[in-house]
Amino acid sequence: MSGQGGQDAKFFQRGKIQEFRAELEAAESKDKKFTKRKTVLKKIVANITMGNDMSPLFTDVVQCLGTPLLEIKKMVYLFLVCYGRQKADQLHLVIESFLQDCNDRNPLVRALAIRTMSYIPTPVVIESLTDQLRHCLRDRDPYVRKTAAICVAKLYAADPRKAEKGGFVEMLRDLLLDSNATVVANAVAALSEIGDRQDGVIFKLNLTVANKLLTALGESSEWGTIYILDSLLRYVPEKHEDAEMIAERVIVQLNHANSAVVLTAIKILLYLMNYMDNRKLMEYICRKMGPPLVTLLSSGPEVQYVALRNILLIIQRRPAVLKNDVKVFFCKYNDPIYVKLAKLEIMYRLAREENAREVLAELQEYASEVDVDFVRKAVRSIGRLAIKVQPAADACIQALLDLIDTKVSYVVQEAVIVIKDVFRRYPGKYEGIIPTLCQHLDLLDEPESKAAMIWIIGQFANRIENADELMDDLTYTFLEEPTEVQFALLTAAVKLFIYKPHSDTTKALVHKVLKWTTEEVDNPDLRDRGFMYWRMLAINPTVAGEIVLAEKPAITTDADRMDRGALDQLLLHTGTLGSIYHKNPETFIRGATGKALTDSPALNPLSRQVLVPIARTNLPPTTINVPGPGPPEPSRAPGQAATGDLLQADAPPPQNGASANLTGTRSSESQESPEDGGDDDEAVPQASASDPYAALDAAFGGYMADEPRPQNKDLLDMI
């Protein structure tokens, strides 16, 4: 093979159209074994590969289609794929050859012809393709049938109406019952591609077809296995027992050597667990999913990163999967930075009281690394660990103080940021370390850390003896500071005045800051807040103190969790780009169709509280009914999302006892929704069924748009 590749390398030289045309004409006279013709075509294909335009040779190349040699036919068809659309006015020259090859005795030639025709979606080719494609879908050779299945998807992309009216979708459905596993896999791939289109039919499976597809898994290739497993997302269990039975048959795929197959199997198991009520089986599945995920971490860094991003989603939904494997995610010295950061986040997610000491020791090691970004994340993770695991808070605070003593600027700044949150999490417990923080005030030069330190000074001004001196130094550069710091300085100055209303320094400081804010600052939000504070202090300083110093809610780790309905949606994209970006594909891929869990009698009752429907847009309101074999689908209970039957089973079942049913509709109404059925059984808040942002208006209250201006009398006179 390598020797042949070395011989073909000589063809990759830029040639002229006239020379190739002359060589093709010369090859017609003395070329009994077609050697010369083959050589010229190789040169032409090599030039196409290099990006040279060979379209002027169209009429000369297509004359070679009559050659009985398969290798020459392949090169001519490759030429047609490249320039068929560009030379649409000359395609009538090859239609007759297409039709002859579609009826050739060699199945490779038949498949090659039908595949090439599907790649040229022009009206004249499509018109000739439909009859030939119908015959190829029933061809006696499985290679032709599996090629024809993919051609149906290409025909649907070119002309959906012709594909539907010609009954090709129904014929694809019949191929799901084919005896050849490769044909079944290609039929599933074609139906999935059609179903994922915004204007396509909705592709769903019933239990009979799902079992048939699972039977084909044993003989399928790796990619065929992925297509078949992925199609099981289109099966909605109506009973708990159905979901459990499917899961037991899928779980063996976790032992597959291909990482894509493993991730797809995990995706299906996570999906089916939403429709189970057998807690023991669910715990068993979680235990079985752990080792394959850990095995993926022994691959290259790219595969590791994909696995880590998926693991981060999985452990938020099913923490039991890897709850005892936190050590697996400890960073290695030669890990790339993107892998280290992903592992760091997973370590924090898996941290609990039992392993907090080990995790903290590991994070302290990371805080002494040379990579600045990694050190920042490690220091911040120590603070987050203190907030998440209360018994480990003392050790985490001591670790942060040790890091502050290093006097490394970026380490101190990250420590100050997280300590501010620790104060919020444990009020009245760790304020004794404030003097240590104040000693390192000169090391703070970034907006976030400086704002955090200013908040600490303002919030605990009554415990800091020289708070007014510190604030006076910090406000010296008020007008040059970023907006984030200016906001913090404004609020801290007001808090300082409320704590120490009789201090002349404090009075002068708050007056100076309010005057700057209302007269010299361009940011409208900051200016409005200055006017608001000025008015409150002028009208009633006592009430202002109650408002500004009101008791603040303690910080929790709930904000670190992704919304459970959104999490269920993302888990339906496990192993895809969506699971790496942590975004649904429709948000970054134009025309992508959203996925969500579908309601059914087997769905966890608590899960229905977070169901959000996904609408299919731009669909005509008609329902397409195509009769086919198989028992009718069980009717849904009132209140469940309704869908019409695309391939409605109203005919007697086939003689072999197998039946198939695909349901779909061209309706703008949605039938899929996310759900939430976590490991715990706590109730979740009711979400809006139509608009997840419906409650957003209440966040802004009744704001009065009057012109903000200070009172006539000076603040100092008021005091």
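Residue positions are given per chain, counting from 1 as you read along its sequence in written order. Local features in a predicted model are, by the rule used here, given only for residues with pLDDT of at least 70; side-chain atom pairs are given and counted only at 80 or more, and totals for whole chains, interfaces and linings are based on all residues. Side-chain descriptors were evaluated using all non-hydrogen atoms of the structure, hydrogens and water having been removed beforehand.

(A) Region of the structure containing the overall build of the protein. Per the convention used, a helix needs a DSSP run of H or I reaching at least four residues, while a strand needs a run of E reaching at least two, with both numbered from the N terminus. In terms of helices and strands, the protein carries 33 helices and zero strands. Any residue under 20% of the maximum accessible area for its type is buried, any over 50% is exposed, and the rest in between are partly exposed; the area is computed with a 1.4 Å probe on protein chains only. Per-residue burial for the protein yields a buried fraction of 51% across its 719 residues. Contact definition: two residues touch when any of their heavy atoms are within 4.5 Å. Of all intrachain contacts in the protein linking residues separated by at least 6 positions in sequence, the fraction that spans at least 24 positions is 70%. Note on areas: Shrake-Rupley with a 1.4 Å probe; residue coverage comes only from the protein chains shown. Of the roughly 34200 Å² of accessible surface on the protein, 51% is carried by carbon and sulfur atoms.

(B) Structural context of the pattern of salt bridges. Put simply, a salt bridge is a Lys or Arg side-chain nitrogen that is within 4 Å of an Asp or Glu carboxyl oxygen. All told, the structure shown has 28 salt bridges when counted by the stated rule. Through salt bridges with shared partners, a single network forms among Arg376, Arg380, Glu414, Glu446 and Glu448.

(C) Quick look at the environment of Glu465. Mapping Glu465 onto the fold places it in the loop between α25 (447-459) and α26 (467-474). A relative accessible area of 77% places Glu465 in the exposed class. Residues Glu465 and Pro435, spaced 30 residues apart in sequence, show a C-alpha to C-alpha distance of 9.8 Å.

(D) Representation of helix α28 (residues 504-519). Helix span, as expected, comes to 1.5 Å for every residue beyond the first. The end-to-end C-alpha separation of α28 is 22 Å, in line with the 22 Å expected for 16 residues at 1.5 Å each. Listed as buried for α28 are Thr506, Lys507, Leu509, Val510, His511, Val513, Leu514, Trp516, Thr517 and Thr518.

(E) Layout of unusual backbone geometry. Of note in the backbone geometry, Lys407 takes a positive phi value of approximately 60° without being a glycine. Looking at the secondary structure, you find Lys407 in the loop between α22 (393-404) and α23 (409-425). The exposed category is assigned to Lys407, whose relative accessible area is 53%. Phi at His582 takes a positive value of approximately 60°, unusual for a residue other than glycine.

(F) Quick peek at the nonpolar core. With 216 residues, the main nonpolar core has Ile44, Leu80, Leu133, Met289 and Met471 as its most contacted residues. Once residues within four sequence positions are removed from consideration, Leu133 is found in contact with Ile114, Ala148, Cys151, Val152, Leu155 and Phe168. Take the buried residues of types Ala, Val, Leu, Ile, Met, Phe, Trp, Tyr and Cys, join any two whose side-chain atoms come within 4.5 Å, and each joined set is a nonpolar core.

(G) Spatial organisation of the packing of helix α19 (residues 337-350) against helix α21 (residues 372-388). Viewed as axis vectors pointing N to C, α19 and α21 meet at an angle of 5°, and their least axial separation amounts to 10 Å. Between α19 and α21, the crossing angle belongs to the class labelled roughly parallel. Side by side, α19 and α21 meet where Ile337, Lys340, Leu341, Leu344, Glu345, Tyr348, Arg349 and Leu350 of the first sit next to Phe374, Lys377, Ala378, Ser381, Arg384, Leu385 and Lys388 of the second. Split into classes, the residues belonging to the contact of α19 with α21 amount to eight nonpolar, one polar and six charged. For helices, the axis comes from a line fit to the C-alpha atoms of the stretch in contact; other axes are also lines fit to C-alpha atoms, and the angle between any two N-to-C directions lies between 0 and 180 degrees. Any angle that falls under 35 degrees is termed roughly parallel, while one over 145 is termed roughly antiparallel, one within 65 to 115 roughly perpendicular, and all others oblique. Ten residue types, Ala, Val, Leu, Ile, Met, Phe, Trp, Tyr, Cys and Pro, are classed as nonpolar, four, Asp, Glu, Lys and Arg, as charged, and the remainder, Gly among them, as polar.

(H) The packing of aromatic side chains, seen in detail. Centres within 6.5 Å are what make two rings of Phe, Tyr or Trp a pair, Trp counting through its six-membered ring; a difference in plane orientation under 30 degrees is then read as stacked, over 60 as edge-to-face, and the rest as tilted. Applying the stated criterion across every chain yields a total of eleven aromatic pairs. For the pair Phe79 and Tyr83, a centre-to-centre distance of 5.0 Å together with 55° between the ring planes defines the contact as tilted. Residue Phe79 and its partner Tyr83 are located together in helix α5 (residues 70-83), separated by four residues, close to a single helical turn. Centre to centre, the rings of Phe478 and Trp516 are 5.7 Å apart; their planes meet at 15°, and the pair counts as stacked. With Phe478 in the loop between α26 and α27 (483-499) and Trp516 in helix α28, the pair connects residues that are 38 residues apart, well separated along the chain. Under the relative-accessibility criterion, Phe478 is labelled buried at 0%.

(I) Focus on the environment of Leu577. Position of Leu577 among the secondary structure elements: in helix α32 (residues 577-581). Take Leu577: its relative accessible area is 45%, and that puts it in the partly exposed class. With 271 residues separating them in the primary sequence, Leu577 and Val306 have C-alpha atoms 8.9 Å apart.

(J) Region of the structure containing α25. Between its terminal C-alpha atoms α25 stretches 18 Å, which fits the 18 Å expected from 13 residues at 1.5 Å a residue. Counting buried residues along α25, eleven of its 13 residues qualify, which places the element largely inside the surrounding structure. Residues Ser449, Lys450, Ala451, Ala452, Met453, Ile454, Trp455, Ile456, Ile457, Gly458 and Gln459 constitute the buried set of α25. Considering only its buried residues, α25 is in contact with α23, α24 (434-439), α26 and α27.

(K) Structural view of the side chain of Arg309. Counting through the fold element by element, Arg309 comes out in helix α18 (residues 301-317). By the counting rule applied here, Lys and Arg register as positive and Asp and Glu as negative, while His and the ends of each chain are not counted. Despite its burial, Arg309 remains without a salt bridge, the nearest opposite charge being carried by Glu345 at 7.8 Å. Polar contacts, as used here, are pairs of N or O atoms within 3.5 Å; protein pairs need one atom able to donate a hydrogen and one able to accept it. Residues neighboring in sequence count only if both atoms are side-chain atoms. Polar contacts involving the side chain of Arg309 include one to the main-chain carbonyl oxygen of Ile580, which spans 2.9 Å. Those residues in contact with Arg309 that sit more than four places away from it in its chain are Ser579, Ile580, Tyr581 and His582.

(L) Structural context of the confidence of the model for the protein. Confidence in the prediction for the protein averages 82 pLDDT; 83% of positions are at 70 or higher. The pLDDT value expresses, per residue, how confident the predictor is, ranging between 0 and 100. Low pLDDT (under 50) marks residues 619-678, which in the prediction has 175 contacts with non-local residues, meaning those over four places away or in another chain. In the predicted structure, residues 680-719 sits below a pLDDT of 50 and forms 49 contacts with residues beyond four places in sequence or in another chain.

(M) Expanded view of a negative patch on the surface. For patch building, the residue pool is restricted to those with more than 30% relative accessible area and no salt bridge; the joining distance is 9 Å between like charges and 5 Å between nonpolar side chains (Val, Leu, Ile, Met, Phe, Trp, Tyr). The atom standing in for a charge is NZ when the residue is Lys, CZ when it is Arg, CG when it is Asp and CD when it is Glu. On the surface, Glu365, Glu369, Asp371 and Asp373 cluster together into a negatively charged patch. Residue placement: Asp371 occurs in the loop between α20 (356-366) and α21.

(N) Fine view of the packing of helix α6 (residues 92-102) against helix α7 (residues 107-118). Between α6 and α7, the least distance of the axes is 7 Å, while the angle of their chain directions is 140°. The angle between α6 and α7 falls in the class oblique. Handedness of the crossing formed by α6 with α7: left-handed. Side by side, α6 and α7 meet where Phe98, Asp101 and Cys102 of the first sit next to Val109, Arg110, Ala113, Ile114, Thr116 and Met117 of the second. For any helix crossing, the convention is left-handed if the near helix is rotated counterclockwise from the far helix by under a right angle, and right-handed if that rotation is clockwise.

(O) Quick peek at the side chain of Asp468. Summarising the element assignment, Asp468 is placed in helix α26. Beyond its immediate sequence surroundings of up to four residues, Asp468 is in contact with Leu496, Ser503, Thr505 and Thr506.

(P) Broad picture of the environment of Glu353. Mapping Glu353 onto the fold places it in the loop between α19 and α20. Residue classification places Glu353 among the exposed positions, given a relative accessible area of 56%.

(Q) Representation of the state of the cysteines in the model. The definition used for a disulfide is geometric: two cysteine sulfur atoms within 2.5 Å. Evaluated as defined, the whole model comprises zero disulfides. Free cysteine: Cys136, not disulfide-bonded; nearest cysteine sulfur from Cys102 at 5.3 Å. Of the residues examined, Cys136 reaches a relative accessible area of 2% and is grouped as buried.

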